[in-house]
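Remarks on the overall topology
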Amino acid sequence: MNLSSARHRFIFAIAWVLLTLPHSGIGAEGFELTAPQHERLQKYLPNTLAKLEKKAPVSALIVGDSVTDMTVPTNDNSDTLKSYPGVFLSQLADQFYYTGGLRVLQPKRGQPEKSLNTYGQEITVQNLSRGGRMMIHAMNVLEATAWKDKPDLVLVSFGINDATSGMSLATYRQAVQDVINTVKNNKADLILIGSTPTLKDPPEEGLALTRPYVDTMREVAQAAGVFFADLGDISWLVRVDEPMKDLEMPAPKKPKDGAVAALAPTSAVKIPLPEALDPDPDKRAARLFHQVATHLRRWFDHDGTIDLMHPNTAMHRLLGRRLFTELLDGPRDTPWKIGTTTARLIDSDHCEVIYRIENISGSDMRLNLLPLITSNWKPKEAETQIELKAGQKSVVTVTYLRGGTAPDAFSPHEPLLRLPVMILANGVARIEDLRARLQNCVMLWNLGAQFNQEGGTTVTGRIVNPSSNPLAGKWQAEWLGQKFSGDFKAPANGEAPVKINIKLPTDNTPPTSQRGTLGFSVTADKLTLQFPRVLEIVQNLGLKQTSPLFDKSHYQTDKPMAPPAPGPTQPGATLKVDADPMALYLTWDIHGLNLVENSNGVAVTADINIDARSYGKRMTHGVTETIRVTTSAADSAGTITPIKAWVFGNGYATEYTRNLAQAVLSSRPDGSRRLTLMLPRSMFQLHEWALGNGNSQLGFSTRLGIWQAPDAKHPAGTELSYSLFDNSLNRDDAESLAALELTAQPTKRWTVHLY
């Protein structure tokens, strides 16, 4: 090593730091925290702060989706240093004078590990974010490989994919709590980060998409004393200004009968005929919303490529700095304050929401109020503009119409609606998340999976009475022809339990999977309200059974039917599972279908989810990851996606060697095609593997995709899909799976999914 060269590099690094500090507005005194700032860091990052103050090495971990992974269609793609978590951590390093700055461990290919090759103490970070993942997937990492480097600080952000997939807020809430518990148990500090805004068209729906999830994360974080930052707070991203001083008064009335109005010689003609000058409150509010959407779109412009889900590099830089500022100084204030919010169901499809708003700005203010459109509730009537004097309060009423038929129009776990409203005033725009507590009685369900149900199953919930008076009434329920009813009495501000005993098939008569609407209505106070859910039952699978798989046309809600037995003249697919002391074997037979490769050379895709936790743990919530096998159309070995350490459920943390699992596509004498997958027993080290015992089980699901040639209806080709069952739960959610008994004589038991 050339010592002279090394000395020159060191001198240059120190000179660079000294030269850049004044330019960035940070002098020596800039590193001094104020007492309130130090108090906030001590409250939220006590373990990290202790190391920062000693200039000790600090390790950080980022767990999130494609946004935190810095997915952008430019050269900055996957550059953690330029992602908002990376910018935040660089700010933290600057604040505590870590001259070595931030270093990325295992950066993505082609991306740097440091911004500048400076010397000194460092903050290191590993980014384990993955595109397309949801809050439940945080536990993949946090219960497997996260603690290998003993991170001091963990940053977690999910929500966009949860929202787009319709993940239940109850499941999302539990997943956030799991993250908090796991990080605390490992004595690390945690920062929970609400999702960045999305601008999917139309923007009044796109901007509402993630808000219930952000607000749920906020609520759980606050209850646990964890630092939370809402990156969907658009007050940091836009400033709205619409000068309308000349239009405070109503527009002049039009002359009658075509007469020309007499004007004094000195009068100025100010007739706001252009649409841009129309003083109508609704149109003015619409103009302001358009202005906000237009400004926000600029943050999603990647050098001419528009991606309305992923922020550009400039927005990441702003968000990283904003995250640091909010950690030290708290969230940005608005000139208004939201008070109590209530919701009253007019009927099952109409809801009236009332909230209080106060002008705390110290001056008179015009507020523009724009309730956004959620997937379940669409604003029908609302005040779009109000005038408030300084210190004045007002009550705002919004009528919503239920949109669609999704059961989650009413949350299954809490007696309130989370509804976003964009408010614009004094140049500030923010989406306020209203927590509207329902004033009517409401049915709350105990969702999730019940395994190994035999003969019957009991669905439970509770009717919540929010009033100060006792409430009595009747309830009715129905599922696939089975009808139920009962009376209830709920005390004031109390609950009445509900139990629905549903009969299950007791033989092996198909169909072995059924999905139906669980209709449920409550009648009280001369009002009948509907609180439907979906109930699916899936019979336990055994070894050596050949099970026909369902295609979409044979697996419909409220229309149970068995799939036809596939054969030479009946296109379709079957599944058989076997096991021995050495391995698990999966066999898919494809009948009556010609295999055609798509543009990627793939003809067959098999997705498998397996929960291989021990029996007791498998009865609890958890998360797996999909194993994917792909093949070409010709007989050949299949390609298996890299199998992650956590693939078989919480607690697994094994680095599997490549080619440990094996897959092959072959031809059969009868003209059918067979795909086989072998998974060695050694991969399931946490499972008891008691062959021949019906209580030795794996959580299991599979989907088979078969590519078909283009036709007039599908000029690019199409993929036929076959599965054992098909619920709307995420396939990686352990509660979405059915049970595979490791015996050739399975019991007549069922898995029950209520969602």
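Everything numeric here is computed off the predicted structure, so don't read it as measured data.

A tally of helices and strands in the protein chain yields twelve helices and 39 strands. At 30 Å, the protein chain has a C-alpha radius of gyration in line with the 27 Å of a compact globule built from 755 residues. In terms of overall dimensions, the protein chain has C-alpha extents of about 100 × 90 × 60 Å along its principal axes. A burial count over the protein chain gives 52% of its 755 residues as buried. For the protein chain, the proportion of contacts with a sequence separation of at least 24, taken over those separated by at least 6, is 69%.

Turning our attention to the sheet that holds strand β17 (residues 442-445). Strands sit in the order β17-β19-β22 across an open sheet of three strands; the sheet is antiparallel. Two strands close off the open sheet at either side, each with one partner strand: β17 and β22 (495-503). Pairs of neighbouring strands in the sheet enclose a mean axial angle of 30 degrees, with direction left out of account. For β17 and strand β19 (residues 456-464), the ladder comprises four bridges, and the chain directions are antiparallel. The partner of V442 across the bridge, within β19, is V464.

If you look at the biggest cluster of nonpolar residues, it comprises 58 residues, and the most contacted ones within it are I357, L367, I500 and F520. Apart from the residues lying within four places of it in its own chain, the contact partners of L367 are W336, I357, T384, Q385, I386, L388, I423, L424 and A425. Counting residues in each nonpolar core, the second largest holds 57 residues, with L41, L89, I193 and V292 among its members.

As a further point, take the packing of helix α7 (residues 169-185) against helix α9 (residues 211-224). Contact pair α7 / α9: the axes reach a minimum separation of 10 Å and the direction vectors enclose 35 degrees. The interaxial crossing formed by α7 with α9 has right-handed handedness. Taking contact as the criterion, the partners of L169, Y172, R173, V176, Q177, I180 and K184 in α7 are, on α9, P212, Y213, T216, M217, E219, V220, A221 and A224. Across the contact of α7 with α9, the residue classes break down as ten nonpolar, two polar and three charged.

Okay, the packing of aromatic side chains next. Tallying each qualifying case throughout the model produces twelve aromatic pairs. Residues F410 and F531 carry aromatic rings whose centres are separated by 5.1 Å and whose planes lie at 65 degrees to one another, so their mutual orientation is edge-to-face. In this pair, F410 is assigned in the loop between β14 (393-402) and β15 (416-425) and F531 in the loop between β24 (527-530) and β25 (533-539), connecting sequence segments 121 residues apart. A single burial state applies to F410 and to F531, both of which are buried. In textbook terms, an aromatic cluster arises when at least three aromatic residues are bridged by ring pairs, as seen for F648, Y652, Y656, F684 and W689.

Right, let's get into the state of the cysteines. The tally for this structure, following the rule as stated, stands at zero disulfides. We note that C351 lacks a disulfide partner, and the nearest cysteine sulfur, in C441, lies 13 Å from it. Judged by relative accessible area, which is 10%, C441 ranks as buried.

Moving on, we come to α9. If you check α9, its first and last C-alpha atoms are 20 Å apart, about what 14 residues at 1.5 Å a residue would give, namely 20 Å. The buried fraction of α9 is high, at ten of 14 residues. The complete set of buried residues in α9 reads R211, P212, Y213, V214, D215, T216, M217, R218, V220 and A221. Buried residues belonging to α9 abut α6 (160-165), α7, β5 (189-194), β6 (227-230), β15 and β16 (428-438). Following α9 by one or two positions, G225 adopts a phi angle in the positive range, close to 70 degrees.

Below, the discussion takes up the pattern of salt bridges. Opposite charge on two side chains allows them to pair when their charged atoms are near. The tally for this structure, following the rule as stated, stands at 35 salt bridges. For the salt bridge of E387 with R366, the shortest nitrogen-to-oxygen distance reads 3.0 Å. Placement of E387 in strand β13 (residues 385-388) and of R366 in strand β11 (residues 365-371) is noted, with a sequence separation of 21 residues between them. In this structure R366 comes out as buried when scored by relative accessible area, which is 19%. Of the charged contacts, one joins D611 and R613 as a salt bridge, the two residues approaching to 2.9 Å between their closest N and O atoms. Grouping residues by exposure puts D611 and R613 together as buried. Each of R173, R211, D215, R218, E219, D230, E414, R418, D433 and R435 takes part in one network of salt bridges that share partners.

This part takes up the side chain of R418. Tracing the backbone through its elements, the reader meets R418 in strand β15. Owing to a relative accessible area of 8%, R418 belongs among the buried residues under this scheme. Only 2.6 Å separates the side chain of R418 from the side chain of E219, close enough to count as a polar contact. Setting aside residues no more than four positions away along its own chain, R418 makes contact with L169, R173, P212, D215, T216, E219, L434 and R435.

Among the ten residues in β15, ten count as buried, and that is most of the element. When β11 meets β15, the two strands line up antiparallel, connected through four bridges. Note on β15: the bridge partner recorded for P371 is V421. Sheet topology places β15 next to β16; ten bridges connect them, and they run antiparallel. Within β16, the position partnered with I423 by the bridge is R430.

Here the focus is the sheet that holds strand β1 (residues 58-64). Strand order in the open sheet formed by six strands is β2-β3-β1-β4-β5-β6, with parallel pairing between adjacent strands. At either margin of the open sheet sits one strand with a lone partner, and together these are β2 (101-104) and β6. Put simply, the sheet's adjacent strands are angled 20 degrees from each other on average, direction ignored. One ladder, built from four bridges, connects β5 with β6; its direction is parallel. Looking across to β6, one finds that I191 is bridged to F227. Running over the sheet, helix α4 (residues 84-95) touches β1, β2, β3 (122-127), β4 (153-157) and β5 and is turned about 150 degrees from β4.

Within the secondary structure layout, T747 lies in the loop between β38 (738-742) and β39 (750-754). For T747 and N540, which are 207 residues apart along the polypeptide, the C-alpha to C-alpha distance reads 7.2 Å. Side-chain polar atoms of T747 contact the side chain of E741, separated by 2.6 Å.

Burial along strand β10 (residues 350-359) is one-sided: C351, V353, Y355, I357 and N359 are buried, while H350, E352, I354, R356 and E358, pointing the other way, are not. Relative to β10, strand β9 (residues 336-347) runs antiparallel, the two being bridged by nine bridges. Residue pairing in the sheet places T342 in a bridge with I354 of β10. Turn length for the β9-β10 hairpin, with the two strands adjacent in sequence and antiparallel, is two residues. Two strands pair when backbone bridges link them, and β10 and β14 are joined in this way by nine bridges, in the antiparallel orientation. Note that in β14 the partner of I357 across the bridge is S394.

Turning next to the confidence of the model for the protein chain. Of the residues in the protein chain, 90% reach a pLDDT of 70 or more, and the chain-wide mean stands at 90. Per-residue pLDDT stays below 50 along residues 1-30; that stretch engages in 15 contacts with residues further than four places along the chain or on separate chains. Across residues 244-274 the pLDDT falls below 50, and counting only partners more than four positions away or on other chains, this stretch makes 19 contacts in the model.

What counts, and where the lines are drawn
Residues numbered from 1 in each chain as written. Predicted model: local features only at pLDDT ≥ 70, side-chain atom pairs only at ≥ 80, totals over all residues. Heavy atoms only, no water. Helix = DSSP H or I, 4+ residues; strand = E, 2+ residues; numbered from the N terminus. Rg over C-alpha atoms; globule rule 2.2 N^0.38 Å. Buried < 20%, exposed > 50% of the residue type's maximum accessible area, 1.4 Å probe, protein only. Contact = heavy atoms within 4.5 Å. Pairing = 2+ DSSP bridges. Axes fitted to C-alpha atoms, helices over the stretch in contact; angles between N-to-C directions. Core = buried A, V, L, I, M, F, W, Y, C linked by side-chain atoms within 4.5 Å. Left-handed = near helix turned anticlockwise from the far one by under 90°. Nonpolar A, V, L, I, M, F, W, Y, C, P; charged D, E, K, R; others polar. Phe/Tyr/Trp six-rings, centres within 6.5 Å; stacked < 30°, edge-to-face > 60°. Disulfide = S-S within 2.5 Å. Expected span 1.5 Å × (residues − 1). Salt bridge = Lys/Arg side-chain N within 4 Å of Asp/Glu carboxyl O. Polar contact = N/O pair within 3.5 Å; in protein donor to acceptor, adjacent residues only side chain to side chain. pLDDT = per-residue confidence, 0-100.

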